[in-house]
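Observations on chain architecture
The primary structure of each chain is shown beneath.
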Amino acid sequence: MQYAYHDYHPPTENLLGEVLSGLTCQPKRLSPKFFYDAVGSRLFDAITRLPEYYPTRTELGILREQGDAIAEHLGHDSILIELGSGSSQKIRVLLDSLRPTVYIPVDISSEHLRHSASNIARDYPDLQVEAVCADYSAGLQLPDLPVDTARAAFFPGSSIGNFEPAGAVSLLRDIGRDLGPGGAMLIGVDLKKDKQQLDAAYNDNQQITAAFNLNLLTRINREIDADFDTNRFEHRAFYNEAEGRVEMHLMSTCTQNVRIDGHRFRFEAGETIHTENSYKYSVEEFHALGAVAGYEAEQVWIDPDGLFSVHCLRVCR
Ligand SMILES: C[S@@+](CC[C@H](N)C(=O)[O-])C[C@H]1O[C@@H](n2cnc3c(N)ncnc32)[C@H](O)[C@@H]1O
């Protein structure tokens, strides 16, 4: 087993600073990256198994179906960097076809990353696993890597949709710099579709998505001395067709004050904290975004129902 863990996790002061500035904004907002403490990661994994949540099983289906074709584009023996690796479930489908020499799962959720990355190292003893706990939106910090080995990136789960389009461009551009000219990126992107299906995917009957959203407040209470009453906030999620994104919010059910590290924040009844955007793209829209970020669109695979896309992008030389 070849396994190392590199801890570049952002300090708690960053959480405090970002929460204070996000709640000072009008409308109030918090970054979705803060969903993922240990509980949040477990709840997300539960979401991926919900009948309403089509993205995970659909993307997995594409990866299973197209593994060999994907390997032709990404090549073998590369250094493979996965952004937001989570449970590393999807890479397992590809490892036998891709046969990378080094696998670098990058995730902000430390406990979850340790668990899933060490399991990969145990199950693939010839693979060098270099787990990196970091915020990839703050610039990728990578361990020392051989300079003469091709690099490829895997960015599944449509996590790119959590960024505003301009932010997505700058993140993809940064990753492209790390990959170098000619580097390949395999990226999963949720497609535009009808509002009913999108609304259902983020409002499941078992209310796991609601628990995932509300866990953000529990986490803030625990980590930075705040007194959110989670019974006084409700999960709201809907497809905003004009913006082409699903929005998640936490809505205050009454007028209330919340104290965070000595600061007081007033919430009106019905006021929300905007906690996540999940932009949906047509293939053409995503190709255009990739082009601005410095990539050529090389291939796209789509499931038979047209729900989800997996793109191979190549960093322009
Ligand atoms: C939507 S989940 C996707 C998980 C998995 N890749 C999948 O496709 O099912 C997003 C993952 O990215 C991680 N993540 C979110 N924001 C991050 C950030 N800024 N830096 C590093 N990891 C992040 C989360 O911890 C979580 O594991």
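For the structure, see preceding data.
Residues numbered from 1 in each chain as written. Predicted model: local features only at pLDDT ≥ 70, side-chain atom pairs only at ≥ 80, totals over all residues.

Details of the packing of helix H3 (residues 54-74) against helix H4 (residues 89-98)
Note the following rule: Orientation is described by lines fitted to C-alpha atoms, with helices fitted over the stretch in contact, and by angles between N-to-C directions that extend from 0 to 180 degrees. Numbering of helices and strands runs from the N terminus; a helix is a DSSP stretch of H or I covering at least four residues, while a strand is a stretch of E covering at least two. For classification purposes, angles smaller than 35 degrees are called roughly parallel, those larger than 145 roughly antiparallel, those between 65 and 115 roughly perpendicular, and all remaining angles oblique. Crossing handedness follows the turn of the near helix against the far one: under a right angle anticlockwise gives a left-handed crossing, and clockwise gives a right-handed one. Note that contacts rest on C-beta atoms placed from the backbone: two residues are in contact if these are within 7 Å.
Contact geometry of H3 with H4 gives a least axis separation of 9 Å together with a crossing angle of 30°. Viewed along their axes, H3 and H4 adopt a mutual orientation that is roughly parallel. As H3 packs across H4, the resulting crossing turns out to be right-handed. On H4, the residues touching Glu 59, Leu 60, Leu 63, Arg 64, Gly 67, Asp 68, Ile 70, Ala 71 and Leu 74 of H3 are Lys 90, Val 93, Leu 94, Ser 97 and Leu 98.

Considerations on the site of the ligand
To keep it simple, the criterion reads: Residue proximity rests on one test: whether the C-beta atom, placed from the backbone, lies within 6 Å of the molecule or strand. Only Asp, Glu, Lys and Arg are considered charged, only Ala, Val, Leu, Ile, Met, Phe, Trp, Tyr, Cys and Pro nonpolar, and every remaining residue, Gly among them, polar.
Contacts to the ligand come from 20 residues, most closely from Tyr 36, Gly 84, Gly 86, Ile 108 and Gly 157. Among the secondary structure elements, those contributing two or more residues to the shell around the ligand are helix H2 (38-48) and strand E4 (102-107). The dominant element in the shell around the ligand, judged by the number of residues it contributes, is H2, at three residues. Broken down by class, the residue content of the shell around the ligand amounts to six nonpolar, 10 polar and four charged.

Remarks on the environment of Gln 128
This is how it is decided: Burial in this document is a count-based property: other C-beta atoms within 10 Å of a residue's C-beta are tallied, and the residue is buried at 20 or more, exposed at 12 or fewer, or partly exposed in between, with C-beta positions derived from the backbone.
You can see Gln 128 is positioned in strand E5 (residues 128-133). Note on Gln 128: 16 C-beta atoms within 10 Å, which makes it partly exposed. Ignoring sequence-local partners within four residues, the contact set of Gln 128 consists of Gln 2, Thr 101 and Val 102.

Re H3
As a reminder of what qualifies: How far a helix is expected to stretch is found by multiplying one less than its residue total by 1.5 Å. We define the bend at each residue as the angle formed by axes fitted to the 7 residues ending at it and the 7 residues starting at it.
A rise of 1.5 Å per residue sets the reference length of H3, with its 21 residues, at 30 Å; its end C-alpha atoms lie only 26 Å apart and thus fall more than 12% short of the reference. For H3, the principal kink sits at Gln 66 and spans about 75°. Within H3 the residues assigned to the buried category are Tyr 54, Pro 55, Thr 56, Thr 58, Glu 59, Ile 62, Leu 63, Gln 66, Ile 70 and Leu 74. Just past H3, the residue Gly 75 takes up positive phi, approximately 80°.

Quick notes on the sheet that holds strand E2 (residues 28-29)
Adjacent strands of a sheet form backbone hydrogen bonds with each other and so pair up, either parallel or antiparallel. Here is the rule we go by: Strand pairing is assigned whenever DSSP identifies at least 2 bridges connecting the two strands.
Taken together, four strands build an open sheet; the order of strands is E2-E12-E9-E8 and the sheet is mixed. Lying at the two open borders of the sheet, with one neighbouring strand each, are E2 and strand E8 (233-240). Pairing analysis gives two bridges linking E2 to strand E12 (residues 272-279), with the strands arranged parallel. Note on E12: the bridge partner recorded for Arg 29 is His 274.

Here's the deal with the environment of Arg 173
Inspection of the secondary structure puts Arg 173 in helix H6 (residues 165-179). C-beta crowding within 10 Å serves as the criterion here: with 14 such atoms nearby, Arg 173 is assigned to the partly exposed category. Between the C-alpha atom of Arg 173 and that of Gln 256, which follows or precedes it by 83 residues, the distance is 42 Å.

A word on the sheet that holds strand E3 (residues 79-83)
Reading across from one edge, E1-E5-E4-E3-E6-E7-E14-E13 is the order of the eight strands in this open sheet, with mixed pairing throughout. Of all the strands in the sheet, just strand E1 (2-7) and strand E13 (295-302) have a single pairing partner and so form its edges. Strand-to-strand, the axes of this sheet are offset by a mean angle of 20°, without reference to chain direction. Across four bridges, the pairing between E3 and strand E6 (residues 151-155) is parallel.

Notes on unusual backbone geometry
Omega for the peptide link from Gln 26 to Pro 27 comes to -5°, which places this bond in the cis form. As for its placement among the helices and strands, Pro 27 is situated in the loop between helix H1 (12-24) and E2. One non-glycine residue with positive phi stands out, namely Asp 77, at about 60°. When the 12 C-beta atoms within 10 Å are taken as the criterion, Asp 77 is described as exposed. Look at Asp 261: it is not a glycine, yet its phi comes out positive at around 50°. Judged by the 11 C-beta atoms lying within 10 Å of it, Asp 261 falls in the exposed class.

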